[in-house]
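# Report on the structure
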Amino acid sequence: LKAGGERPLPAKIEAARRQDFELKPTDRAIVLRTFMPEAGTHAIAVGLPTGVHFAFDAEHLRPAQLWKGRFLDAQGTWFSRFAPPASPLGDAVVTLPAGPALAWLKSRDEDWPDGEEHAPAGRFRGYRLDTAGVPTFLYDIGDARIEDRFTADSDGVLVRRLTVTPREGQLPAE
């Protein structure tokens, strides 16, 4: 202990510091639960082999960021006790506006809610992975069950599919 910073770190720690911890989805999707500045402390980052990636905010039940190119570096998430937030490594990063991704409006003319305080109550129920590792996010908003899935087509365009299942008699037919 007297030597303090004069002594070198153990060889295994030095070797781990030199490794590359960039996550590179090649054959299947990569799902990483982490902290991200734009997706919050309940971020779920998904890297797709097509090079199109996204971050889902599981606290506010919404997609938060989209990007192309490189995915994420996991070193801070895996090796730092106080992990710094992860940031996209790619380019063309799009940060989506805060606020609810879904809302029940009383009419087609009603304004979209502009903040979380106007969002309907929601509850994240986890996610289900398909055989390629792509998650379908499962959550409730109000009286409906939601399945929310993102995939990328062959042109690198992110495609979102929402399946809304109302509880019997809870949502209008229109």
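What this report covers is the structure whose coordinates are included nearby. (Residues numbered from 1 in each chain as written. Predicted model: local features only at pLDDT ≥ 70, side-chain atom pairs only at ≥ 80, totals over all residues. Heavy atoms only, no water.)

## Some details on the environment of D27
To keep things clear, this is the line we draw: Numbered from the N terminus, helices here are DSSP runs of H or I no shorter than four residues, and strands are runs of E no shorter than two. For every residue, the accessible area (1.4 Å probe, protein chains only) is compared with the maximum for its type, and the residue is labelled buried under 20%, exposed over 50%, or partly exposed between those bounds.
Relative to the helices and strands, D27 resides in the loop between β1 (22-23) and β2 (30-36). The class of D27 is exposed, set by a relative accessible area of 74%. Residues D27 and T50, spaced 23 residues apart in sequence, show a C-alpha to C-alpha distance of 9.4 Å.

## Some thoughts on the packing of aromatic side chains
Basically, it comes down to this: Pairing of aromatic side chains requires ring centres within 6.5 Å, counting the rings of Phe and Tyr and the six-membered ring of Trp. Pairs whose planes differ by under 30 degrees are stacked, by over 60 edge-to-face, and all others tilted.
The tally for this structure, following the rule as stated, stands at seven aromatic pairs. Here F56 and F137 contribute two aromatic rings whose centre-to-centre distance is 4.1 Å and whose plane-to-plane angle is 5°, an arrangement assigned as stacked. Of this pair, F56 sits in strand β4 (residues 52-57) while F137 is found in strand β9 (residues 135-141), placing the two residues 81 residues apart along the sequence. Across the pair, F137 and F56 agree in class, each one buried.

## Thoughts on the pairing of strand β5 (residues 62-68)
Using the following cut-off: In this analysis, strands are considered paired if DSSP registers two or more bridges between them.
Judged by how many residues are buried, β5 sits mostly within the fold: five of seven residues are covered. As judged from the six bridges shared by β4 and β5, these two strands associate in the antiparallel manner. Residue pairing in the sheet places D57 in a bridge with R62 of β5. Where β4 hands over to β5, the hairpin turn is made up of four residues, of which L61 adopts a positive phi near 55°. When β5 meets strand β7 (residues 91-95), the two strands line up antiparallel, connected through three bridges. Each bridged residue has a counterpart across the sheet, and for L66 the counterpart in β7 is V94.

## Section: the sheet that holds strand β11 (residues 158-166)
Counted only if it meets this: An axis is simply a line fitted to the C-alpha atoms; with a helix, the fit covers only the stretch in contact. Between two such axes, the angle follows the N-to-C directions and lies from 0 to 180 degrees.
Taken in spatial order, the four strands of this open sheet run β8-β9-β10-β11, and their pairing is antiparallel. The sheet terminates laterally at β8 (122-129) and β11, the two strands that pair on one side only. Each neighbouring strand pair of the sheet contributes to a mean axis angle of 20°, computed without reference to strand direction. One ladder, built from nine bridges, connects strand β10 (residues 144-152) with β11; its direction is antiparallel. Bridging across to β11, A144 finds its partner in P166.

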